[in-house]
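Listed below are the residues making up each chain.
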Amino acid sequence: AQTVTQSQPEMSVQEAETVTLSCTYDTSESNYYLFWYKQPPSRQMILVIRQEAYKQQNATENRFSVNFQKAAKSFSLKISDSQLGDTAMYFCAFMKGRYGGSQGNLIFGKGTKLSVKP
Amino acid sequence: SAVISQKPSRDICQRGTSLTIQCQVDSQVTMMFWYRQQPGQSLTLIATANQGSEATYESGFVIDKFPISRPNLTFSTLTVSNMSPEDSSIYLCSVARDTLINYGYTFGSGTRLTVV
């Protein structure tokens, strides 16, 4: 069975600074996807960034980037130039599957509560 | 990407009653997922709903407590039956994006359920 671990229940960062959220996972699968989702107080789940396991290059989306270490089963999220609107719960998630195949369910970590301070 | 309309957004219910949550998707999708998020916790999968077949439930969740309907490829309901205060949670539906470029999931806005 797959597991996702987020070891930082809470973190805070000053506005405009950089913060890194950690995530590790355990799986015996060779094909999978990893995601970071953001859940602000509105409780809407918002996809932040996605990484395909078969890609060596780390994914980036504007101020958000990941450090994907497949051998170490690590998938950290870096937020640069933090903004007040980044304040939210951040969930790391795993999905078993391969590119172009059918998608199964997501397995979530427990989340990291990020507070961006002015 | 798919847009999901989920309702109700919140409800306060008496113990012993049932609540049905609806999710309407603006495009046809094969699988829909129902998650529960207990207060301050992560998301836990309740079941996977496929059109035309019975839902597949995860360990710890049973059909009698959480019956699901999936009458077509754009709609699903989750019922929370015979509610107790322990059922107070946020319930979310989700669909998989099927495009190769935009691989991922879209979520409804959630239903915050309080059982008193």
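Here we summarise the structure given alongside this text. Model, not experiment: these values are computed from the prediction. (Residues numbered from 1 in each chain as written. Chains lettered and ligands numbered in written order. Predicted model: local features only at pLDDT ≥ 70, side-chain atom pairs only at ≥ 80, totals over all residues. Heavy atoms only, no water.)

## Concerning the overall build of chain A
If you tally the helices and strands in chain A, you get 0 helices and 12 strands. Reading chain A from its N terminus to its C terminus gives the helix and strand order β-β-β-β-β-β-β-β-β-β-β-β. Over its C-alpha atoms, taken along the principal directions, chain A stretches across nearly 40 × 25 × 25 Å. Relative to its full complement of 118 residues, chain A shows a buried share of 47%. Look at the contacts in chain A between residues 6 or more apart in sequence, and 57% of them connect residues 24 or more apart. Averaging the coordinates of the 13 positive side-chain charges in chain A and doing the same for the 9 negative ones gives two points 7 Å apart. (Helix = DSSP H or I, 4+ residues; strand = E, 2+ residues; numbered from the N terminus. Buried < 20%, exposed > 50% of the residue type's maximum accessible area, 1.4 Å probe, protein only. Contact = heavy atoms within 4.5 Å. Lys, Arg positive; Asp, Glu negative; His and termini not counted. Charge placed at Lys NZ, Arg CZ, Asp CG, Glu CD.)

## Notes on the nonpolar core
All names here are of chain B. Counting 26 residues, the largest nonpolar core has Trp 34, Ile 46, Phe 66, Ile 68, Leu 78, Tyr 91 and Leu 113 as its most contacted members. Looking at this core, the elements with two or more residues in it are β3 (19-25), β4 (31-37), β5 (43-50), β8 (75-80), β9 (89-97) and β11 (111-115). For this core, the leading source of residues is β3, giving 4 residues. (Core = buried A, V, L, I, M, F, W, Y, C linked by side-chain atoms within 4.5 Å.)

## Comments concerning the environment of Cys 93 of chain B
Residue and element names in this part refer to chain B. Structurally, Cys 93 is set in strand β9. Separated by 81 residues in the primary sequence, Cys 93 and Ile 12 have C-alpha atoms spaced 19 Å apart. Ignoring sequence-local partners within four residues, the contact set of Cys 93 consists of Ile 4, Gln 6, Cys 23, Phe 33, Trp 34, Thr 106, Phe 107 and Gly 108.

## Some thoughts on the state of the cysteines
All names here are of chain A. Here the structure, examined in full by the defined rule, presents 2 disulfides over all chains. Between the sulfur of Cys 23 and that of Cys 92 lies a disulfide, 2.0 Å long from S to S. Residues Cys 23 and Cys 92 share a disulfide whose torsion about the S-S bond is about -70 degrees; that sign makes it left-handed. Of this pair, Cys 23 sits in the loop between β3 (19-21) and β4 (24-26) while Cys 92 sits in strand β10 (residues 88-96), placing them 69 residues apart in sequence. (Disulfide = S-S within 2.5 Å.)

## Concerning the sheet that holds β3 of chain B
Residues and elements named next belong to chain B. On the basis of which strands lie adjacent, the open sheet formed by 4 strands has the order β1-β3-β8-β7 and antiparallel pairing. Across the chains shown, the open sheet's two edge strands, defined by having one partner strand only, are β1 (4-7) and β7 (68-72). Between one strand and the next, the sheet's axes are offset by a mean angle of 15 degrees, whatever the strand orientation. (Pairing = 2+ DSSP bridges. Axes fitted to C-alpha atoms, helices over the stretch in contact; angles between N-to-C directions.)

## A word on the packing of aromatic side chains
All names here are of chain B. This structure, assessed with the given rule, holds 17 aromatic pairs over all chains. Between the aromatic rings of Phe 61 and Phe 66, the centroid separation amounts to 5.6 Å while the plane-to-plane angle is 65 degrees, which identifies the pairing as edge-to-face. Pair check on accessibility: Phe 61 and Phe 66 agree, each one buried. (Phe/Tyr/Trp six-rings, centres within 6.5 Å; stacked < 30°, edge-to-face > 60°.)

## Points about the pairing of β11 of chain B
Residues and elements named next belong to chain B. The two faces of β11 differ: Thr 111, Leu 113 and Val 115 on one face are buried, but Arg 112 and Thr 114 on the other face are not. Note that strand β2 (residues 10-13) and β11 share 4 bridges and pair parallel. Residue pairing for β11: Ile 12 is matched across the bridge by Thr 114.

## Thoughts on the environment of Cys 92 of chain A
Residue and element names in this part refer to chain A. With relative accessibility at 0%, the residue Cys 92 sits in the buried group. For Cys 92 and Val 48, which are 44 residues apart along the polypeptide, the C-alpha to C-alpha distance reads 10.0 Å. Contacts of Cys 92, omitting those with residues within four sequence positions, involve Val 4, Gln 6, Cys 23, Phe 35, Trp 36, Phe 75, Ile 107, Phe 108 and Gly 109.

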